[in-house]
Amino acid sequence: MQQSPDQIRQAYRQMRLIREFEERLHVENPKGEIAGFTHLYSGQEAIAVGVCENLRETDYIISTHRGHGHCLARGCDPKGMMHEIYGRADGLCKGRGGSMHIADLTKGMLGANGIVGAGQPIAVGAALACKARGDGSVSVSFTGDGASNQGTVFEAMNMAVVLKLPKLFVLENNGYSEHTGASYGIGSDLKTRTEAFGIPVWEADGFDYFSVYEAAAKALEYIRAGNGPAAVLAVATRYFGHFEGDPQNYRAKDEVKNFRETVDALKQIREKVTGAGIFTVEELDAIDAEVLALIDASVESARTGPVPGADILLSDVYIDY
Amino acid sequence: MQQSPDQIRQAYRQMRLIREFEERLHVENPKGEIAGFTHLYSGQEAIAVGVCENLRETDYIISTHRGHGHCLARGCDPKGMMHEIYGRADGLCKGRGGSMHIADLTKGMLGANGIVGAGQPIAVGAALACKARGDGSVSVSFTGDGASNQGTVFEAMNMAVVLKLPKLFVLENNGYSEHTGASYGIGSDLKTRTEAFGIPVWEADGFDYFSVYEAAAKALEYIRAGNGPAAVLAVATRYFGHFEGDPQNYRAKDEVKNFRETVDALKQIREKVTGAGIFTVEELDAIDAEVLALIDASVESARTGPVPGADILLSDVYIDY
Amino acid sequence: MAELTMRDALNQALHQEMERDPRVIVIGEDVSGGAGGTSGKRDAAGGIFGVTKGLLPRFGEARVIDTPISESAIVGLANGAALAGMRPVAELMFADFVGVSLDQIFNQMAKFRYMFGGKAQTPVVLRMAMGAGMNAAAQHSQTIYPMLSAIPGLKVAVPSTPADAKGMLAAAIRDDDPVIFFEHKALYSRKGDVPEGEYLVPFGEAALLRQGRDVTVVAIGRMVHFAAKAVDKLAAEGITCDLIDMRTTSPIDEEAILESLSQTGRLVVVDESNPICSIASEIASMAATKGFHDLRAPVQKITAPHTPVPFARELERIYVPSPNDIEAAIRAVMKEV
Amino acid sequence: MAELTMRDALNQALHQEMERDPRVIVIGEDVSGGAGGTSGKRDAAGGIFGVTKGLLPRFGEARVIDTPISESAIVGLANGAALAGMRPVAELMFADFVGVSLDQIFNQMAKFRYMFGGKAQTPVVLRMAMGAGMNAAAQHSQTIYPMLSAIPGLKVAVPSTPADAKGMLAAAIRDDDPVIFFEHKALYSRKGDVPEGEYLVPFGEAALLRQGRDVTVVAIGRMVHFAAKAVDKLAAEGITCDLIDMRTTSPIDEEAILESLSQTGRLVVVDESNPICSIASEIASMAATKGFHDLRAPVQKITAPHTPVPFARELERIYVPSPNDIEAAIRAVMKEV
Ligand SMILES: Cc1ncc(C[n+]2csc(CCOP(=O)(O)OP(=O)(O)O)c2C)c(N)n1
Ligand SMILES: Cc1ncc(C[n+]2csc(CCOP(=O)(O)OP(=O)(O)O)c2C)c(N)n1
Ligand SMILES: [Mg+2]
Ligand SMILES: [Mg+2]
């Protein structure tokens with residue numbers, strides 16, 4: 001815990017922001033106002049935030065179908081995101097993308113992506129641009145346990161090594177690939193497979209912000225020193241179904257409850273920072289209240305945001321045609 | 001060398017057959033009668049034959065763009081192949097496939113394939129059928145060093161492990177992927193990468209028939225015992241260009257000459273079996289002469305074989321439409 | 001006859017065909033689900049749309065095969081198993097995932113028989129869910145049957161009713177050629193009468209759903225129902241149409257369409273795909289080449305616009321051709337002559 | 001003007017654009033070659049068709065990037081680099097390899113801008129060699145521009161002359177939208193006059209290569225030259241044609257085609273692709289929808305048959321549309337009216 005109180009406050013707030021954003025979507029979703037597939041990130045907050053708190057403005061990240069956490073951790077506007085999820089004309093993507101395609105290029109956030117395994121080669125491409133700029137920037141991709149079996153991910157790993165690019169692979173093992181356990185689809189294990197490509201792996205406890213932060217810091221130090229790609233492997237769980245509405249027949253009854261009660265990322269960081277006397281419970285509660293108000297306001301305005309029309313349907317297919 | 005003289009004679013003949021087939025194509029090709037791309041296998045004979053001599057009738061193999069050696073080693077008819085390469089209506093594929101697509105399903109030969117990395121998942125599928133039949137059959141794919149970087153190959157490896165299939169991966173490192181050295185495109189190394197998927201690797205000297213035979217025997221024993229996939233990694237070289245006509249600017253001047261003069265597969269096996277007193281030089285020469293006559297006759301008849309017409313163009317797109 | 005959803009009709013076809021032929025196997029991500037899970041329950045998913053539910057308990061893990069997320073390997077697995085004598089029904093989940101598996105579809109399964117001199121057969125059925133209607137946005141809503149219908153060697157089925165879904169899936173499984181089988185997501189819960197027991201719908205035979213004098217309306221998949229709405233509405237006004245459900249886009253039942261056109265002289269084609277190189281274009285071009293002398297008015301192509309599929313409800317609604325659009329097109333061709 | 005092969009014209013465009021803009025990079029398998037080889041020579045290949053020859057010595061390894069055989073990653077690399085501000089020219093070698101990289105093309109580069117609310121730009125040029133003529137058989141000879149022209153968000157260039165090749169490649173590199181750039185293998189060694197220095201051919205503007213009264217002949221890529229043969233032969237007999245080289249199949253220059261059709265009333269479309277959902281179908285459908293009132297005879301579509309590309313010389317020759325086929329089609333439309 002060698003971070004400054006400001007850093008820790010920021011990290012805590014980001015994690016709380018993700019948590020409240022997602023828990024609130026879980027409440028709003030059954031009401032029927034939110035269309036499409038929604039994949040929630042709750043349970044994995046420490047991973048997105050632990051990695052992104054290490055990043056610089058000029059770095060890039062690319063996300064997955066489960067993108068809200070990464071977007072928020074990277075600094076995307078929660079209100080713009082909420083409007084997008086509600087399909088509003090003033091959403092971050094004008095209502096054309098929705099939950100699965102939130103992006104903010106101005107923040108170096110290259111998008112959530114509905115195609116499992118598609119983001120990794122793209123992030124390798126951004127790493128190529130980073131290397132060309134020579135300013136020490138890196139490019140980060142997030143990859144689920146299930147996605148780790150997609151051929152494109154292996155290609156991306158090898159390519160990053162061959163071209164010796166500043167690329168961080170963050171492997172998030174949340175135990176499931178849709179309705180199937182992670183161990184079923186991965187014939188060996190993630191660490192061995194990644195290292196075999198020539199990529200050193202730093203392991204982290206995906207429920208513990210400090211553990212992820214430190215693993216990412218070491219991996220990024222290695223990368224920024226010009227050694228080529230590295231990886232962080234973090235294990236956690238997802239608190240909700242694969243998508244909103246998933247009955248989760250594949251999970252033991254109290255699995256999530258147990259995680260929530262023992263290793264929950266928010267619970268852990270609260271206990272650690274109050275225990276170490278860095279913040280009081282009241283100070284943290286004040287952050288929580290501020291975040292909650294922000295989410296309330298975001299949902300409120302998203303529910304009544306402007307509906308997109310034909311002009312939005314037909315524009316931006318090309319820049320110039 | 002615990003093989004019977006009959007086995008060794010057969011292996012020697014197969015290797016000689018491949019060598020003569022290919023060396024002859026190299027001579028015929030510049031004459032302009034052979035159309036399309038021709039990729040020659042000379043230099044790697046011990047690999048195809050060392051593996052295929054271990055196989056049973058019910059096993060399957062799938063090949064690459066460089067398919068002649070595997071086809072011959074699996075028992076495809078040299079004359080039918082030659083007719084195919086010359087684009088004849090009575091070629092193995094009626095002149096529709098050519099060098100890159102020679103197949104003989106009746107021999108369990110699932111085809112040469114023009115798409116690098118496509119054969120491996122297909123061979124995994126054949127392994128699924130083998131497992132379902134429960135008769136101890138296996139399915140074998142051949143994969144070049146260059147092809148080993150294709151995402152489909154990694155997917156195939158993981159899939160074979162997950163489904164615990166009787167699948168042999170034969171990795172042929174001939175030092176080049178087209179005009180690029182193998183070491184450039186493989187960020188780490190073939191053995192480590194393959195093992196990391198949970199696939200044991202038996203290494204072999206790809207110039208030495210006995211070495212390959214024994215490695216394949218061990219790998220196949222492991223597979224047929226129901227342990228799932230295994231691999232053989234064999235290193236050799238190709239004597240000719242990537243395709244016929246390749247000026248090979250990327251190769252040191254005497255590279256091929258050195259290999260030919262020192263470790264050549266045919267030279268080695270001749271020395272070993274005559275040295276061990278299994279066959280005399282004259283006996284081997286007689287095999288050579290027989291093979292040469294067969295190739296002569298094949299080229300002769302292929303040159304004047306029947307030209308395919310519109311009926312062949314338009315048939316077999318569907319079985320029934 | 002029983003009233004079933006398209007989902008259940010497909011499920012029934014799979015059960016019956018797997019019962020009939022032990023070579024039939026099912027392969028894909030979460031086709032049963034629950035493997036490696038902590039509840040101990042298998043068949044936890046039964047396919048993300050429930051189409052393969054119950055197959056695992058009935059036929060076991062050797063025939064109902066869950067896979068990692070590796071679509072190239074899934075289709076490759078099906079191709080290889082088919083070459084070696086099995087009859088795999090592989091699932092791609094969303095049709096959009098052809099992106100990561102196209103090679104095994106268009107360079108492999110489609111071409112084996114031809115390239116290998118007629119000696120291979122690849123009786124794969126590749127099922128995939130397609131279409132807009134769930135606000136699943138640009139990467140989970142496409143109707144890519146035009147792309148795959150263009151490929152020689154593939155057959156392409158696009159059923160619009162539960163009965164056709166059952167009969168065409170059974171026919172696809174028995175077909176010795178590879179078949180791409182498109183299931184429209186917005187039709188899974190739609191009900192209809194479905195014959196019990198063995199039921200086969202042959203490929204290449206369009207269905208004439210309405211008979212009329214004035215206009216030939218050709219539609220595909222979900223668009224068949226939208227077209228039926230428009231056609232029925234106009235019938236009340238005395239404008240009567242032949243409504244043709246293509247059912248398969250490879251082969252195309254040219255005869256049915258040209259025959260109808262020779263009676264009506266007017267053609268409206270409805271296709272949920274993007275306009276360029278669509279099946280709508282193909283049918284319109286057929287009219288311009290083989291049906292020209294019958295054609296009395298410009299063909300009307302009703303398709304989605306040349307844009308990706310948008311996310312928001314209101315955007316998707318105007319993206320997808322509507323019964324109103326079809327009605328307007330029919331009125332337009334009627335005005336012409 | 002200098003007389004250059006299409007290969008050299010393309011090479012010149014790459015040199016000039018890389019010189020002009022440091023953000024332009026070249027990525028692909030063996031685009032230079034020789035890496036990891038034993039001769040110590042780099043630029044040993046310069047692309048398997050020689051199009052990228054000399055770029056490595058001039059611009060260095062940071063801008064001319066050889067890759068492993070990983071096409072998905074190659075296109076992904078280009079996509080990501082483009083999102084991050086570079087202007088990559090990626091090479092797929094053979095167009096048939098879209099099979100292993102389609103996702104990065106159709107779900108990624110084509111859709112970023114739209115999905116991301118108009119905020120992304122992906123100025124990738126994806127070069128690929130296409131077409132029959134080298135007896136490269138079913139997996140190395142396809143002309144898949146119809147498939148890619150159908151995808152909203154992509155622009156598609158199919159040059160037929162060295163000058164167009166140069167001008168269109170330069171324009172593609174400067175275009176802020178993703179461009180699929182098709183190079184016909186059988187045209188690489190064909191020569192023609194090419195303007196020196198900066199030369200740009202705008203997208204969406206067809207070229208009128210011959211002017212005539214009787215028939216509108218629309219052709220693409222290599223077929224332009226075959227069509228010219230037929231058109232010139234018939235001109236001697238007094239049958240004169242407009243010969244339109246489409247140049248880009250996305251966007252399509254509708255105006256040029258419809259304008260010509262309004263003069264001639266007869267249409268022949270020549271496309272080396274398979275017939276179903278082809279560009280030939282698209283143009284014929286345009287005639288049936290927007291050009292119907294001008295059309296005086298059935299449209300003639302001249303395409304390859306609905307088969308994979310065969311290997312043998314004699315088979316490939318009858319697979320590819322010939323000048324004779326085109327001539328016969330022109331005569332056929334002339335007979336009609
Ligand atoms: C190419 C592709 N295949 C399949 C899917 C369907 N799919 C979406 S998420 C998912 C599971 C991903 O698991 P994992 O990578 O572990 O991420 P998690 O959902 O656990 O965050 C699957 C199979 C897809 N979107 N894209
Ligand atoms: C998907 C795909 N990408 C690229 C190619 C072009 N290509 C054909 S062979 C080859 C090199 C293969 O190298 P390797 O696997 O080592 O086999 P070798 O040629 O050495 O036998 C390449 C790049 C192809 N045919 N298919
Ligand atoms: Mg997961
Ligand atoms: Mg090699």
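The structure contained in this document is the topic of the report that follows. (Residues numbered from 1 in each chain as written. Chains lettered and ligands numbered in written order. Predicted model: local features only at pLDDT ≥ 70, side-chain atom pairs only at ≥ 80, totals over all residues. Heavy atoms only, no water.)

1. Some thoughts on the sheet that holds strand 3 (residues 167-173) of chain A
Residues and elements named next belong to chain A. Defined as follows: At least two DSSP bridges between two strands are required for those strands to pair. By the criteria applied, helices consist of DSSP H or I runs no shorter than four residues and strands consist of E runs no shorter than two, each listed in order from the N terminus. Angles shown run from 0 to 180 degrees and are taken between the N-to-C directions of axes, each axis being a line fitted to C-alpha atoms and, for helices, limited to the stretch in contact. Contacts are assigned to residue pairs with any non-hydrogen atoms lying within 4.5 Å of each other.
Reading across from one edge, 1-2-3-7-6 is the order of the five strands in this open sheet, with parallel pairing throughout. With one partner strand each, in any of the chains shown, strand 1 (60-62) and strand 6 (201-205) form the two edges of the open sheet. Each adjacent strand pair in this sheet contributes to an overall mean axis angle of 20°, direction not counted. Pairing of strand 3 with strand 7 (residues 230-235) involves six bridges; the strand directions are parallel. Directly across from Val170, in strand 7, lies its bridge partner Val232. The strands touched by helix 5 (residues 119-133) are strand 1, strand 2 (139-144) and strand 3; relative to strand 2, the strand with the most contacts, the crossing angle is about 165°.

2. Examining the pairing of strand 2 (residues 139-144) of chain B
Residue and element names in this part refer to chain B. Our working rule: Working definition: with a 1.4 Å probe on protein chains only, accessible area under 20% of the residue-type maximum means buried, over 50% means exposed, and in between means partly exposed. By convention, orient the strands away from the viewer: a clockwise path from the first strand over the helix to the second makes the crossover right-handed.
A large share of strand 2 lies buried, amounting to five of its six residues. In the sheet, strand 1 (residues 60-62) pairs with strand 2 via three bridges, with the strands oriented parallel. Bridging from a neighbouring strand, Ile62 pairs with Ser141 of strand 2. For the handedness criterion, the β-α-β arrangement of strand 2, helix 6 (residues 151-162) and strand 3 (residues 167-173) is classed as right-handed.

3. Details of the coordination of the magnesium ion (ligand 4)
Residues and elements named next belong to chain B. How we decide: Here a donor is any nitrogen, oxygen or sulfur atom (N, O, S) within 2.8 Å of the metal, with 3.2 Å used for Na, K and Ca; water is not among the atoms considered, so some sites may look incomplete.
For the magnesium ion (ligand 4), the full set of protein donor atoms is Asp145 (OD), Asn174 (OD1) and Tyr176 (O), at a range of 2.1 to 2.2 Å. Motif for the magnesium ion (ligand 4), donor spacing along one chain: D-x28-N-x1-Y. Of this pair, Asp145 sits in the loop between strand 2 and helix 6 while Tyr176 sits in strand 4 (residues 176-177); the two residues are 31 residues apart in sequence, bridging distant segments of the chain. Judged by its relative accessible area of 1%, Asp145 is buried. Given a relative accessible area of 7%, Tyr176 falls into the buried group.

4. Looking at the sheet that holds strand 14 (residues 300-302) of chain D
All names here are of chain D. What the five strands build is an open sheet, ordered 9-11-10-13-14; its pairing is mixed. Of all strands in the sheet, those bounded by a partner on one side alone are strand 9 (207-210) and strand 14. With direction set aside, neighbouring strand axes in the sheet form an average angle of 20°. Contacts from helix 9 (residues 254-264) reach strand 10 (215-219), strand 11 (241-245) and strand 13 (267-270), with the element oriented near 155° to strand 10.

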